[in-house]
Every structure is written in C-alpha cells, then in structure tokens.
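Summary of the model geometry
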Amino acid sequence: MNKKVVLVGNQNVGKTSLFNLLSGANQKTGNYPGVTVSKKSGSFKIDHLSIELIDLPGIANLNPTSLDEELVLNYLLTEDLSDALVLFVASAIDLKNSLYLFSQVKDLGFSTALAINFEDQAVKKGIKIDTEKLSENLKCPVILFSARKNSGIKKIHELIKQDIPVKKLPVNYTKSEDQWENYQSFIKELNETNDKKLKRQEAILRHQAIEKWLKNAVTISKSDATDITSSLDKLFLHPFFGYVIFATILLLIFQSVFWIASFPMDWIDLGMGNLIEMSREALPKGMLSDLISDGLLTGIAGVVIFIPQIAILFFFFGLLEETGYMSRAVFLMDKVMEKVGMNGKSVVPLISSFACAVPSIMATRTIANQKERLITILVAPLITCSARIPVYTVIIYVIIPEESFLGFGLQGLMLFAMYLLGVITTFIAAWVFKKIIKTKYKKFFIIPMPDYLVPNFKNIGYNVWNNTKSFVLNAGKIIVAVTIIIFLLQSYGNQRYQQAEQIVLTDNSIPDEQKERAINKIKSENSYLAAIGQTIEPVIRPLGYDWKMGIGVLASIAAREVFVGTMLVVYGSEEDLEDEKYISQIFAKQTHARTGKKAYNFATGLSLLLFYAFSLQCMSTIAVTYKETQSLKWTAIQFIYMTGLAYIAALIAYQLLK
Amino acid sequence: MNLSKQVIGKRLKITSITNEEVTTRLSELGMFEGAIIKKLNQAPFSGPTLIQYNEFKLALRFDEASQISTEIYE
Ligand SMILES: Nc1nc2c(ncn2[C@@H]2O[C@H](COP(=O)(O)OP(=O)(O)O)[C@@H](O)[C@H]2O)c(=O)[nH]1
C-alpha cells in the first residue's frame, strides 16, 4: 500500500523539522525541473503503509508573488492528488496567519488535515488551542504537535493512516455557486487577471471567517514572558553594532571554512596520496594501473577533498537559519545587495567563495528568490578562491620586484589588488545580470522575521548530510569523469610520446639521474593534451602565451592549482617543489617558444594573472553550477562570460604592455 | 507620516495605503486600513522597515513602507 503525503505551509512553521522527523535520513533533494528552486522528497513506512512525503516550499498564500509560490500553486493544481493527503503545517504562535493559507488550500478540495506545530512555545506564551472545537469549525482533523520536542508525532502517523473525507468550508469567496464549486479554476483565473479588488474582497472575507473559527477555539492568557526576540533585535539590528556583529560572524565563518577545513583536507590529501601510491605498487604496471591510480583515484581524491569545506559551511549555514539570524542578515544587507540584483542571503555564500566556489554555489539553495539565487551562482566564482593562490603567488614572484612602497611590499600589494579585483568584478557582473535577466516577479517585499530560537542540531545535521551527499553523488560523477578524460589525453600521444623511453635511454648525453625527468618532459610535450595546446596556440598567441603555457592553461580546466605543477613537468623540473620562490626562479628562466624572449615578463605575467582571475577554469564549479541550476544554458553562459572576460582582459593587458 | 519615517518603538495606526499592490498584499496578511501595528526597527540608508502585527513580525522594503501612511496610536 502506498500513500502520498504533501506538506504545505507558510515559511518557518517547522515544515523542514517535521519532514526530517518523519523521513529520517531517507531524503532526496533536487531542483524543480528547469528552475533554481529546491525540491525535497522522502519516504518512510507506517506499519505496512509506504509513504511518499513531499515537502513543498513555504509560501505566504495562493496568489503567487514569487516563483516558489507559483511552483506550489502549480503543483497543487496539476498534480494528481486525489488519493493523497495534504498535511497542512501551521504555527500555534501565529495561527491566524497560518489559517489564511490553510483555508485557501482546503478550498481547493483535497483531503486535508491541519497539524499545528510549536506546541511547546504556545504553552510558554499562554496560548490554549482546543483542537476539537477547531476541528469542528474547520471540518477536518486538527492535531497539535512539536517538532522540536518530538511530541505528537504518533498523532501525525494516525492522521496519515486515516482516509480523510473532502469537506468544504461553508464560506463562498467567489461571485457565484459555480465558481465556488470550481475554486481551482477560479484561483487560476484570478491570478491570470490579477483582479486586485476581488483579491482584497476575498482577503476581507477570509479574515472575518478566521476570526469566527478561532473565537471559541483559541484563548490567549496574557503571559508575562518577555519578548527576548525584540531585545536581541535591538542589538542585532542596530544600525551600527548590527553590522559590526554581522561582519564578525562572517569573519568567523570565513576563517573556519578556510582554516578548520585545512586539517581534514590535509589528512585527505595524505590519505588519498598514500592510497594512490599503494594502488600503484599493488597493481601490475601498465595502462590499467595508471588508469586506476592516476585517473580514477585522483578524480575521487578531487571530489573527497571538498567534503570538509562543504560540511563546515553547511553547518554554519544551518546554524544561521536555525537560530533565525539569517533573516536579520537579510534585513541588514538587503539594500546593498538589492542594488546588484542579489539578496541579503547572498552575502554568506559570496564570503565562502574566498575559500571555494563549490560549497558557495551549493549554499545559495536557501535563497528563495530564483533570480537572486541565479545571479549569486553566476558571479560567485569571480571571487578569488584558494585554488588561485598558488598561481598568483608564483607569477607575482616572477614579475613583481621584491621592493616596498610606502612600507608595503609590492608583491603583497599586488596580491591584495587581485583580491580586490575579484570582489569589484563580482559586483559589476551581478549588476549586469540584474539588468539582463528578466522575471515577471517583483522582488519580495515582505520578509517574515521569525523569533530567535535555540538551534536544533539534528536539523543542522540533516542539512550537512544531505548537501554533502548530493555533492558527492551528483557533481562528483562529473568531476571524476573529467579527470579521467584529462588523464587519458595526457597519457597518450604521438610517436615521439610512445618512444620517449627509447629516445632518452639511448641518449648517452643525458646523465642517468636526469633520465626520468627527460622522459616526462618529452611525454608532456608530445601528449594529445600538448597537441591540443599546439592547436590552440593561435588563439592564445595574442595573450602572449606560447604553446607550453597553453598546456598549463588547458590542464587547469581540471582545477586551477594544477597550472604550476603542469608547467614544472613541461619545463622538465622536479615535480614536488614546495618553495614558491624557488619555483618562481624556474619560471623566470624560461624562454618563450615563439619570441625567444623571457616567457614570464610583466606583460605575459599580468595577462596570465588576469586570465586566472576571471576564467572559469574549474570543472568542479561547472559541475556544481549545472547541478544547482539544472540548466545547460546557464552553465554555458557562466563559462562563456567568465572565459570571455578573461580572454579580453588578458588580451588588453598584454597588447598594451608588450 | 509614512511608515519608513516613523519613530521606532511606537504603536501605529495605518491610515491609508497609496499603492494598490501593497494594499492587496497587506490585506492578505490581515492588515487593513485602521490596523494597529508596531514599528520595531529601521535599517539605515533607506533599508527595510521591521514591523509587528499581532504575533507576526515582518520586514517591508523601503519603497513599500513609504506608501503606507500611519499615525501614532496611543
Ligand atoms: N521551539 C520550537 N521550535 C521549533 C519547533 N519546530 C520547529 N522549530 C524551529 O523553528 C525553526 C524553523 O523550522 P523549520 O523546520 O526550518 O521551518 P520551515 O521553514 O517551515 O521548514 C527552526 O529553528 C526549528 O528548529 C517546535 O515545535 N518548537
């Protein structure tokens, strides 16, 4: 036996908590097809009944002003819910407000039940709800529960098992009996014509009805509990200290994502490195061994390495959401971010981008407005992520003298300038996208402000688990696949590639200890990846790069930090150099394959810096953008605009300076 | 005086709303002309206004708050 249960309700009524309680770890998160709005479903069993649980986004009412609301309305109007139960989740503290949407949903004519959450808070606030009377008034089962205290879940199970008959509420909000019979098509029409007068009339009648339903069912004894939220808000929303606190919180999160994550990341690095070594030794030498060690395992290592950052970021994100602070961040930052088409909630993901764009893009999922979420996703990779640092430092060492200006080292100033450039470009790009992307919705103008609450760590745990899982399972696949492709392009090549060993071993002028390096050099210059590098040479020539640098740029598609290592192999140096100054000396010695001049002078160096600042050379980001937007179009637009910007900036810099 | 300019911490009565869209949205929340609200906070630089109606706290953008006329309610 199967039954579908659909959770509907306003924002912040505890739908997510109930969803977690009911389905445990059996959850799937995804997107609604074609849009950046997240979708959640779960499954569980009550006795022998298999339940499919759908969590719809929290909405204000059935007259959509955002894509979320339209999705919910469309879902309710088009999905076959004849055998399903619509479980409406309401808040005991704010029952009046909840019942507006409830009465609208009930009038659509589904089998509906009302589950009122926050029983614990209601008791504290002296709110008494007589569920029997309310059930009589609303003509459907009504129960009280608390998702936090885990009380009343049995009653919800009982509700789900029942067959609840469809009963209409007596008040007719339309102009005729006919319309009332077909409230579904009435509401559809009302939203198409947008008859504001009719909507207002419905609002007045509904609120009158709600007053009547609540009258004999709810009593509020004035409690003397002080309103902690209001006191806290005086501080957290203070026009000065509010911002200081917000900046401190962001700084702490940034430090954590960056720093705490570095420990597990080192372990993973070490562990995966050892695993790759072991598999190299254990497997018989040959193509298969290489494929497993350098292709597959390296690809998996590239996925696993992201887990600490993603998990830590989502922990903090969950914490901010759970405590109710996130809405305050929106309140404080809304004005600034609105100017560039984003949202107060975009600030946290953007800050996280300094560490890595991958968790940052995933974290945009909490931005309800789809246009703002899309813009945040599109611009987040412009922020200087940690993978760019090795490239920046080496090139800056080569092209900027070790001198100081007004007491500041020039090299440090240059690095700072690169960070600043990233931030400024992010805001400009966001502003441009704001102008380009059209939506039919005005940005929300009502932000519900939930009370501060002690966070529920179980909810945060589910949040971390779901996001990490979905990263590994979805984006992870693409990352592993691309790593293997790049590996294959590097490990096959022309005749010279295949004879590399022979050439070097029979060449007596090369001392023995340098033979392996010489083999690697010949291979890297003659692989298929190098062939592609040579083919695209005409394209990168105007930027001042030779084909060798082309190989580095191409290999960086896997991840930017690969550039330095790849170049060292191409230049025939030892692979594992730690000291950036020493590396930069090797770079400084290289000559340009075409001009014969220095390969890394100020012009080519700056051109490279700009190229790396803007181009989207990171398949993990591409994979995550695709996963989060579910749109090839936007994934392509992001790649093309960033790479285009990189090319033009590098071109201008080189042509002006050469 | 319009809501965005009102003093923080006072109980206010909505006297009129000039924008039809805003009127409709607020009426869905049960806020009609004559409703008593409380202004809780105002973000600087023409940022949002935080108000409370019954148990419900919500923020309105500056543009919308500017279209709501209010008077101090004793
Ligand atoms: N005190 C209390 N807090 C709750 C209860 N149910 C949920 N919460 C908290 O209310 C906040 C919003 O809950 P959430 O499940 O995210 O609501 P959603 O926005 O409807 O999905 C979270 O901080 C929850 O921990 C409850 O019964 N009692």
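Residues numbered from 1 in each chain as written. Chains lettered and ligands numbered in written order. Predicted model: local features only at pLDDT ≥ 70, side-chain atom pairs only at ≥ 80, totals over all residues. Heavy atoms only, no water.

**Quick word on the pairing of strand E3 (residues 38-46) of chain A**
Residue and element names in this part refer to chain A.
- In terms of strand pairing, E3 meets strand E4 (residues 49-55) through 7 bridges, oriented antiparallel. Residue pairing across strands places Lys-45 opposite Ser-50, the latter belonging to E4.
- Connecting the antiparallel pair E3 and E4 is a turn made up of 2 residues, with Asp-47 showing a positive phi of about 50°. (Pairing = 2+ DSSP bridges. Helix = DSSP H or I, 4+ residues; strand = E, 2+ residues; numbered from the N terminus.)

**Concerning the packing of helix H31 (residues 619-629) of chain A against helix H32 (residues 632-657) of chain A**
Residue and element names in this part refer to chain A.
- Where H31 contacts H32, the axes come no closer than 8 Å and their chain directions differ by 145°. Crossing handedness for the pair H31 and H32: right-handed. Of H32, the residues touching H31 (which contributes Ile-622, Thr-625, Tyr-626 and Thr-629) are Leu-632, Trp-634, Thr-635, Gln-638 and Phe-639.
- Broken down by class, the residue content of the contact of H31 with H32 amounts to 5 nonpolar, 4 polar and no charged. (Axes fitted to C-alpha atoms, helices over the stretch in contact; angles between N-to-C directions. Left-handed = near helix turned anticlockwise from the far one by under 90°. Contact = heavy atoms within 4.5 Å. Nonpolar A, V, L, I, M, F, W, Y, C, P; charged D, E, K, R; others polar.)

**Brief notes about the side chain of Lys-39 of chain B**
Residue and element names in this part refer to chain B.
- Tracing the sequence through the fold places Lys-39 in strand E2 (residues 36-42).
- For the buried Lys-39, no salt bridge is present, and the opposite-charge side chain at shortest range is Glu-64, 13 Å distant.
- In terms of polar contacts, Lys-39 uses its side chain to reach the backbone carbonyl oxygen of Gln-6, at 3.0 Å.
- In this view, Lys-39 contacts Leu-3, Ser-4, Lys-5, Gln-6, Val-7, Ile-8, Gly-9, Lys-10, Leu-12, Thr-49, Leu-50 and Ile-51; residues no more than four positions away in its chain are not counted. (Buried < 20%, exposed > 50% of the residue type's maximum accessible area, 1.4 Å probe, protein only. Lys, Arg positive; Asp, Glu negative; His and termini not counted. Salt bridge = Lys/Arg side-chain N within 4 Å of Asp/Glu carboxyl O. Polar contact = N/O pair within 3.5 Å; in protein donor to acceptor, adjacent residues only side chain to side chain.)

**Observations concerning the packing of aromatic side chains**
Residue and element names in this part refer to chain A.
- Taken as a whole, this structure holds 18 aromatic pairs over all chains when the rule is applied.
- Centroid distance Trp-259 to Phe-263: 5.4 Å. Interplanar angle 80°. Geometry classified as edge-to-face.
- Directly above the ring of Trp-180 sits Lys-168, whose terminal nitrogen or CZ lies 4.3 Å from the centroid.
- Lying over the aromatic face of Tyr-452, Arg-328 brings its terminal NZ or CZ to 4.1 Å of the ring centre. (Phe/Tyr/Trp six-rings, centres within 6.5 Å; stacked < 30°, edge-to-face > 60°. Lys NZ or Arg CZ within 6 Å of the ring centre and 35° of its normal.)

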